[in-house]
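Survey of secondary and tertiary structure
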Amino acid sequence: MSVTAEAVKILRERTGAGMMECKKALTETAGDLDAAAELMRKSGLAKADKKASRIAAEGVIVLERSADGKLAAIVEVNCETDFVAREADFKNFAANAGKLALANRIADVDALLAAKLADGGTVDEARRALIAKIGENVSVRRVALLEAPAVVGAYLHGSRIGALVALKSGEEGVAKDVAMHVAAINPAHLSVNDVPAEVVAKEKEIQLEQIKLDPKNASKPEDMLVKIIDGKLRKWQGEITLLGQLFVKDDKQTVEQYLKANKAEVTAYLRFEVGAGIEKKQEDFAAEVRKQAFGG
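Keep in mind that what you see is a predicted model, and the values were worked out from it rather than measured. (Residues numbered from 1 in each chain as written. Predicted model: local features only at pLDDT ≥ 70, side-chain atom pairs only at ≥ 80, totals over all residues. Heavy atoms only, no water.)

1. Description of the overall build of the protein chain
The number of helices and strands found in the protein chain is 12 helices and 8 strands. Evaluated residue by residue, the protein chain yields a buried proportion of 39% over its 296 residues. Counted over contacts in the protein chain with a minimum sequence separation of 6, partners at least 24 positions apart contribute 62%. Element-wise, carbon and sulfur atoms account for 53% of the exposed surface of the protein chain, whose accessible area totals about 16900 Å². (Helix = DSSP H or I, 4+ residues; strand = E, 2+ residues; numbered from the N terminus. Buried < 20%, exposed > 50% of the residue type's maximum accessible area, 1.4 Å probe, protein only. Contact = heavy atoms within 4.5 Å. Areas by Shrake-Rupley, 256 points an atom, 1.4 Å probe, with all protein chains shown as cover.)

2. Here we look at the environment of E203
Among the structural elements, E203 can be located in helix α9 (residues 197-213). For the pair E203 and W236, spaced 33 residues apart in sequence, the C-alpha separation works out to 8.6 Å. Filtering out sequence-adjacent residues up to four positions away, E203 remains in contact with L233 and W236.

3. A short note on the sheet that holds strand β5 (residues 161-169)
In spatial order, the strands read β4-β5-β8; together these 3 strands make up an open sheet with antiparallel pairing. Since the sheet does not close on itself, it has two edges, and those belong to β4 (151-157) and β8 (265-273), each with one partner. Across the sheet, the mean angle from the axis of one strand to that of its neighbour is 15°, orientation sign disregarded. Where β4 lies against β5, 7 bridges are found, and the strand directions are antiparallel. Of the residues in β5, the one forming a bridge with L156 is G162. (Pairing = 2+ DSSP bridges. Axes fitted to C-alpha atoms, helices over the stretch in contact; angles between N-to-C directions.)

Written as structure tokens, this is what we have:
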């Protein structure tokens, strides 16, 4: 049977798929729109499953805050290329996932994937449909919530780095400034009290070895060497902790001094960066061109 242009148009609007794919599905189902849509859905899910193993290290970070500013959600959604990360469909999917995480207080990826969107489908169904449409693997990599007694500050750098900072006391502007610092500097710990003892011990061991290797320290007494090591440790701890770091907006003071000056206290922070920790595939583009051109 012949497939009408109107039927193709309707199916494209329903599925978001390409014209030829819609025409093929309508031909296979003798023009039945519902059957064609179901066929395309099943085909799309199969394609999504095949793409699940492909590395998705690009994407976006989404931040959502409650109306009172005391709760926020942060979500990382990944794709394979930065081109898709800029596409409207991908960004809308990520934004909807962030809104759902906040509205339902979801801090677990599996729970977020199972959550229902406004159209009645799950986030995972929408994800797999998106894969079928764009031809790339899409994954919801991680999600977290941060709640504060006073306010949560949020800062998004472009779409690739997001940070949240919870204040026990203080104003939103201060919280946002510190969130900006977290996004820029990426502290490993909140305060010196949060640095694990084994990490401190390892650093102390490294510092001791460095001191011993310096000929200038050969004749120095033990108590002086201990003081030198303690000083180096304090400096190191300041560099890796949020409170000890020099404030990114004013390097004449530490973050802790900035907070005290503004009668603010940080209880926790979160920082997500797109693709952090994912091992990306290194492409040899010259070799790939040769392979395609000459088959070897």
